[in-house]
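Structural description and commentary
One letter stands for each residue in the lines below.
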Amino acid sequence: MQSAEVVLGVLRERGRKGLPCTQLYRQMFNRELYLLAYGKIYSNQGAMTPGTSDETADGMSEEKIEQITGLMRREKYRFAPARRVYIPKKNGQLRPLGMPTWSDKLVGEVVRLLLDAFYEPQFSDSSHGFRRFRGCHTALREISNTWTGTTWFIEGDISDCFGSLDHEILLGILAEKIHDNRFLRLIRNMLKAGYLEDWEYHDTLSGCPQGGTVSPILSNIYLDKLDKFVERELIPQYTRGARRKPNPEYARITSRLRRARQRGDRAAARGLEKQLRILPCDDPMDPGYRRLKYLRYADDHILGFIGPKAEAEEIKARLAAFLRETLGLELNDAKTLITHARSHRKHGKPWHRSRLQNLDDYDIVRKYGAEYAGVVNYYLCATKRSVISPAQRAEIGGDISGSDG
């Protein structure tokens with residue numbers, strides 16, 4: 001068998017060239033890939049957390065790898081149901097999380113390595129979630145650097161995205177470029193393994209196994225269809241014009257300002273200068289000028305549009321139709337918002353946080369300091385951090401006193 005580095009390098013090159021994979025399953029009995037996978041996940045927080053068996057990372061051995069690869073060669077490996085637990089979300093609700101057995105985690109990591117090597121070169125530059133060297137900060141930098149002049153933000157939210165991914169659609173997407181039925185059967189078995197809740201078995205009829213290492217790459221493969229739809233269809237259709245036409249009102253006031261300066265009327269000139277500061281030099285309603293930008297982080301996506309709100313509504317409707325008809329997903333209408341760019345510039349009012357009012361002063365200040373440091377570090381990539389006023393800082397943390405007074 002070839003080394004893991006050679007195998008993954010070949011897959012990256014095939015992905016870069018757009019060539020299909022025909023011999024992927026045979027890598028599932030490549031010992032070197034399992035050793036690499038073990039090195040990547042043995043120190044994870046959940047490595048010592050058992051699934052539906054007592055098996056954990058500390059029972060790992062080369063004999064265990066030989067046992068797994070032997071089953072793979074005969075296509076006898078079977079994924080065990082995951083143990084389902086629930087973790088709290090920020091909104092107070094609970095998120096289901098599957099805890100696979102250690103062997104399934106290891107196999108899942110091998111699958112992830114293979115899929116990531118092949119698909120990563122093919123993913124859109126607009127995708128920032130679950131990807132190496134990409135994250136929230138790269139997404140924010142892209143918006144800051146290239147979305148200038150945006151009029152409308154279309155903030156997309158997919159209802160229960162990861163729990164709603166259609167297995168047949170996902171397998172069909174994989175089959176477009178992976179021409180290996182044995183590997184596709186392995187993925188199908190992984191998706192259909194089910195879960196145990198209170199030791200009662202449940203089928204998994206849709207969705208990726210949340211908690212498994214392979215789920216992020218599978219979701220990116222699935223949602224890459226959305227990226228391509230926006231980039232190849234929506235953006236070309238809603239982008240036109242080299243630049244906006246000049247704003248006639250701006251040109252008129254500029255002419256008046258020039259004449260006022262020529263005759264030495266300083267008072268009139270100052271008044272006209274103030275008017276110019278709040279007027280765009282180009283026509284914001286130019287019907288011949290449109291721009292559409294797009295970015296996705298995991299299942300959240302946002303589009304920046306320069307144009308009328310009616311067309312922003314059209315874009316939202318077309319997104320909803322594509323997700324429903326092609327990917328079997330639904331936009332959450334209550335959370336998919338069309339927001340004017342200027343409405344983000346609100347000056348809020350700080351308010352008390354009642355859940356802190358029973359803490360002593362030290363704990364209130366410590367908690368506020370930790371949260372404020374987290375917010376500041378998150379936005380370190382911002383180019384104008386110095387303009388954050390004390391009132392805005394207070395708004396971020398709320399009234400640190402925690403009291404109603």
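Bear in mind that the values here come from a model prediction, so they are computed numbers and not experimental data.

Conventions we followed
- Residues numbered from 1 in each chain as written.
- Predicted model: local features only at pLDDT ≥ 70, side-chain atom pairs only at ≥ 80, totals over all residues.
- Heavy atoms only, no water.
- Pairing = 2+ DSSP bridges.
- Helix = DSSP H or I, 4+ residues; strand = E, 2+ residues; numbered from the N terminus.
- Axes fitted to C-alpha atoms, helices over the stretch in contact; angles between N-to-C directions.
- Contact = heavy atoms within 4.5 Å.
- Buried < 20%, exposed > 50% of the residue type's maximum accessible area, 1.4 Å probe, protein only.
- Polar contact = N/O pair within 3.5 Å; in protein donor to acceptor, adjacent residues only side chain to side chain.
- pLDDT = per-residue confidence, 0-100.
- Expected span 1.5 Å × (residues − 1).

Another aspect to go through is the sheet that holds strand S3 (residues 152–157). As summarised here, the arrangement of the four strands in space is S6-S7-S3-S8, forming an open sheet in which the pairing is antiparallel. Single-partner strands in this sheet number two, and they are strand S6 (291–297) and strand S8 (337–340). Neighbour to neighbour, the strand axes of the sheet diverge by 20° on average, direction disregarded. Against the sheet, helix H9 (residues 215–237) engages S6 and strand S7 (300–306), with an angle of about 175° to S6.

The next thing to look at is the environment of serine 255. Within the secondary structure, serine 255 is located in helix H10 (residues 248–262). Of the residues examined, serine 255 reaches a relative accessible area of 19% and is grouped as buried. When the C-alpha positions of serine 255 and leucine 272 are compared, they lie 9.9 Å apart, and in sequence the two are 17 residues distant. Looking at serine 255, its side chain comes within polar contact range of the side chain of arginine 259, at 2.8 Å.

Moving on: the confidence of the model for the protein. Mean pLDDT for the protein: 87, with 89% of residues reaching 70 or above. By mean pLDDT, helix H14 (residues 390–397) is the weakest element of the protein at 50, and helix H7 (residues 167–175) is the strongest at 98. Contacts of residues 396–405 to residues separated by more than four positions or lying in other chains number 21 contacts, the stretch itself having pLDDT below 50.

The subject of this paragraph is the side chain of serine 215. Examined against the element boundaries, serine 215 turns out to sit in helix H9. Dropping the residues within four chain positions of it, serine 215 is found in contact with Cys208, Pro209 and Gln210.

Over its 15 residues, H10 extends 21 Å from the first C-alpha to the last, a length consistent with the 21 Å expected when each residue adds 1.5 Å. The complete set of buried residues in H10 reads Ile253, Ser255, Leu257 and Ala260. Here the buried face of H10 lies against helix H11 (266–277). Of the residues flanking the start of H10, the one acting as N-cap is asparagine 247, its side-chain oxygen 3.1 Å from the backbone nitrogen of glutamate 249.

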